[in-house]
Amino acid sequence: MKINWKEIETKWRQKWNENKDFETNRNDRPKKFITVAYPYPNSPQHIGHGRTYTLADVHARFYRMRGFNVLFPMGFHYTGTPILGMAKRVEANDKELISNLKNLYGVPEDIIKEFVEPVKIANYFHQEIKAGMIEMGYSIDWRREFTTIDPAYSKFIEWQINTLREKNLIIQGSHPVGWCPKDQNPVSQHDTLGDVEPDFTEYILIKFKFEDHIIPTATLRPETIFGVVNLWINPEIIYKKITVDDQRWIVSKECAYKLEFLDKKITYDGEIKGSELIGKTVTVPHRNESILMLPASFVESETGTGVVMSVPAHAPFDYQALIDFKKSKMEPELFTKVNAITPISIIETEGYGENPAKEAVERFGVIDQNDPKLEEATKEVYGKEFYGGKLKLNTEQFSGIKVSYAKDTIKDWLIKNKHADILLELTNTPVRCRCGAKCVVKILNNQWFLNYGDSDWKELATKCFDSMNILPQEIRSEFNYVIGWLRERACARQHGLGTKLPWDKDWIVESLSDSVIYMAYYIISKFVNNKSIVSDNLSKEFFDYIFLDKGDSEKVSTITKISIDIINEIKKEFQYFYPVDSRHSGRDLVPNHLTFFVLNHVAIFPQSNWPREIVVNGSVLMNGSKMSKSMGNIIPLRKAISDHGADPIRLAIIISAELLQDADFNMESVSGIQNKIEMLFVECSRLKAKIPETFEAEDKWIKSKTQNMILQVTLAVEKMRLREALHDILFSFESDLSWYMKRANAKNRTNISGILYYIHSTRIAMLSPFAPHIAEEMWEKLGNLGMVSLSKWPEFSQSEVDATAIQSEEYLKSTIEDISKILKVTKIIPQKIIVYTADLFKSKVYHSILEKVMTGQTNMGIIMKELISNPDTQEVKKIPDFVQKTIKDILSEPTEIRRMKLESKKFDEKSFLMNELAEIAKKDFGVGIQVFSESDSDIYDPKEKARHARPFKPAILIE
RNA sequence: GCGGGAGUCGCCCAGCCUGGUCAAAGGCGUAGGGCUUAGGACCCUAUCUCUUAGGAGUUCGUGGGUUCAAAUCCCACCUCCCGCACCA
């Protein structure tokens, strides 16, 4: 039977909507406030976005069924730069973008024209995403919807950022960024051609004195200043003479250009050829020694300053260039000087001798300074020295420290003594802005930062994390790590949509900073949307009173012109719903949003309102590979819903992976799920509500198994192990059910529909948070009244679990399995099957062994001695083999089964097998079964098999 | 480098948290059978090795260890993937 998903889903969505089932207000029941990171509306959502929201929705629906008053709201994050960038690209008539909008996202052409206005983009995709969320059946309270550019939201953000500033958590400073000199704008990944992230490193400029000039060299290894023996100049380069602030420098043209953006005043004074510098000397800072400037072809004008300091003991390039130069022709006078240059070794590293550079050059077989092998040699020496090297005595006060540590220390010391400066340089050059210009590194002054480096703040956040539930547990250490390395973070930028900094209107609150405590705003937004309050009235006093319990209602009412009743109602609702019980998000937000979410909460709110839980999920792959525009494998969520139905999509996403793993989405799994659900649907349509009749062995068993499923599923959902839960409901339980059907059919029973009705009602109820629409339909088909989404979650009941029933079915199964194994190995076609159960004595021995094993005694010798010393069991000395095998039997079973066996001592194997084995064996093997106890007097035992019988392991004879 | 995750029977992947029901679920593939004019779809059976009695042997990246018992716990090593900032 084919299910018409669309029809069923529309039907139930309408009912939920009419009944306002998911509109949540304060009441006297316990609450759960479940939130999920709101979407950024710059594209329609695809399957990947759907995952986080679906997980959160299942969570919300689960708690709703467990009796909680669940608030699950949604907002839209308009703030940020990508939308702005998009608008610019539309304006510039960017072909690639417009084709994506048209073909990939299906945006009508006349609407694309309006996209030159950023808000139009956000509005369009906002509605698109919202429609998808509704179609997915998310149980959202839409009365609380908002966007982050709503005037009331801006008031809220102003309050947030002012509060942080009052607490001295916002500071001002300078900060390097990737920069487009043409646009006069910072650039990040989505502003560059090819979407490259501008990546830069910090070089240390060491200032060498040359006459009345400074010749700076750029290095990553400031400690090597103690090992410098000469400088390398490229004779082909024409260097610039410039004035940097008050000093006169000589650097390459490219370097001078870079310096212009690094907060320095540059004027150009003249030029000097590289060749003119050769053979002249400079003074090494601090050491005050004169060293020569020598020519080298590996020196590039684009890198650093175009001058390199030579440390031949530790830098393979320098060592090789020195060798090369010594071989070249030169004036005798210079040769004497050059020949006198010897490497100065300043670092000792295990595995290297006096001159690591020389050793590496020789080992790699380097030919000359243009040999690419030098790169490898450099990497090796640098790596080993950095992590394993120590500075030698000739480095004065730094001797003995590890290189990895010395780097920063020496840098600070050099800068303090004015021997050095900083040069920031892009490492992945060239980075081009979308406008085509080459990007540089710029130091921005007067940037506003949230001081996440503050140790008191970190401590509070750590305290909060320690008290929080983090799901899955594995991700917790990652949060601790992030808190550890977090430093100041820019919280304002100069472009994009958003709220202006209240005290500095040139800046806009950065979008990762205006989205950290907005869960509190869901309380406010309900009252904004129903027009109880207007943005103009939302003053500092209002938010202080609602969120922080500061001030009194009368004063606040006077200031805000909002009635005391409304103010108090808002406050009560906030106090009822806060704190956030669970926050859902993808794992990409762990090092930023989720951590900031906690940091900002602990900074602003009292401990009682700190968040309680974070749930993190992995991303979604499409047929095993990452979804990307260029691959064209992005499936818009709404298209997937209309093609396959919302419930199959929800189930396929959930079943494909556990929380943190990447979920591999593919159409086969969707259609597999559809088939499964269709079968279940047919089953539910057939069953009628009925009170179960008397219970036979298999009925008691399947009831116990159902209880077991309830327990397992409930525990799994509580830990958000939704894949496991769903798998239990849909698949694992199926094998139990088919065993049950096999048993019932063998007996030709016709009175099982009551049991099946009970089982399926339980399953459908548990399925409902996962596949809410079809579950409602099935629930109705089963003849249940009301909505399954509002019904009670099935509860585990220990009293419904029948240990004997479970154990006896296991016994039956293993006996049948033994028979088939024998048949398989011997390839006999059976005429007759005879089963012998163990006698009373063995059963007695079995139980005393079981008791001993349960107390931890597993030693055969000791058990044997104890059995013999007891008059009741001393006869075992005749059958030591039995004892040995029984211990093994027991040990190979799970503790749970052992316990059950211990509990139900009086289990009559013979009569059970006679009653239950006959029909089923007839069906499976086509012959009758005879059952004897080995102690029966009328026993038929021609091959003397009976004596091998053990409790729960009957002997078998097949003829 | 730092931090995190992973390595399972031809392939994909579950089991590991909480050791025993584990020669290890499920899917794909392969082989045989059913259905069909044929193909597809679907259903059944088999799928580490040996075995004419329910058994035995060797397996879960590699090497050790703990335990009566290890895919599961501990230690070391090897390989692969992801994140490392002003960007949502």
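Refer to the structure printed above.
Quick look at the structure, then. Note that the coordinates shown come from a computational prediction; the quantities given were computed from them, not determined experimentally.

1. Description of the overall build of chain A
Thought 1: A count of helical and extended segments in chain A gives 34 helices and 30 strands.
Thought 2: Against the globule reference of 30 Å for 959 residues, chain A gives a C-alpha radius of gyration of 38 Å, more extended than a compact globule.
Thought 3: Counting only C-alpha atoms, chain A reaches 120 × 80 × 55 Å along its principal axes.
Thought 4: Counting the 959 residues in chain A, one finds 55% classified as buried.
Thought 5: Excluding contacts between residues fewer than 6 apart, the proportion of contacts in chain A whose partners are at least 24 apart in sequence is 76%.

2. Section: the sheet that holds strand β19 (residues 489–490)
Thought 1: One open sheet accounts for four strands, arranged β4-β3-β17-β19; its pairing is antiparallel. Bordering the open sheet on either side are β4 (185–186) and β19, each of which pairs with just one other strand.
Thought 2: Sheet analysis places strand β3 (residues 170–180) next to strand β17 (residues 440–450), joined by nine bridges and oriented antiparallel. Within the sheet, the bridge partner assigned to W179 lies in β17 and is V440.

3. Remarks on unusual backbone geometry
Thought 1: Here the bond from L471 into P472 is cis, since omega is -10 degrees, no more than 30 degrees from zero.
Thought 2: Tracing the backbone shows P472 in the loop between β18 (469–471) and α16 (476–485).
Thought 3: Cis peptide bonds are those with omega within 30 degrees of zero, and the linkage from Y578 to P579 qualifies with 5 degrees.
Thought 4: The phi dihedral of D549 is positive, around 60 degrees, even though this residue is not glycine.
Thought 5: Even without a glycine there, the phi angle at E944 is positive, about 50 degrees.
Thought 6: Mapped onto the elements, E944 comes out in the loop between β29 (929–933) and β30 (955–958).

4. What to know about helix α1 (residues 5–18)
Thought 1: The terminal C-alpha atoms of α1 lie 20 Å apart, and with 14 residues this matches the ideal 20 Å at 1.5 Å per residue to within 8%.
Thought 2: Taken together, the buried positions of α1 are occupied by W5, I8, E9, W12, R13 and W16. Seen along its axis, α1 keeps its buried residues to an arc of 125 degrees; they face one direction. What points out from α1, more than 90 degrees from its buried face, is the exposed set K6, E7, N17 and E18.
Thought 3: Taken from the residues just after α1, K20 is the one with a positive phi, measuring 50 degrees.

5. Observations concerning the packing of aromatic side chains
Thought 1: This model, assessed by the stated rule, comprises 51 aromatic pairs.
Thought 2: Relative to F543, the ring of W159 lies with its centre 5.7 Å away and its plane at 35 degrees, an arrangement referred to as tilted. Here F543 lies in helix α18 (residues 540–548) and W159 lies in helix α7 (residues 151–166), a separation of 384 residues in the sequence.
Thought 3: Accessibility expressed as a relative area gives 0% for F543, which makes it buried.
Thought 4: Centroid distance F226 to F398: 6.1 Å. Interplanar angle 55 degrees. Geometry classified as tilted.

Rules and cut-offs
Residues numbered from 1 in each chain as written. Chains lettered and ligands numbered in written order. Predicted model: local features only at pLDDT ≥ 70, side-chain atom pairs only at ≥ 80, totals over all residues. Heavy atoms only, no water. Helix = DSSP H or I, 4+ residues; strand = E, 2+ residues; numbered from the N terminus. Rg over C-alpha atoms; globule rule 2.2 N^0.38 Å. Buried < 20%, exposed > 50% of the residue type's maximum accessible area, 1.4 Å probe, protein only. Contact = heavy atoms within 4.5 Å. Pairing = 2+ DSSP bridges. Expected span 1.5 Å × (residues − 1). Arc of directions from axis to C-beta. Phe/Tyr/Trp six-rings, centres within 6.5 Å; stacked < 30°, edge-to-face > 60°.

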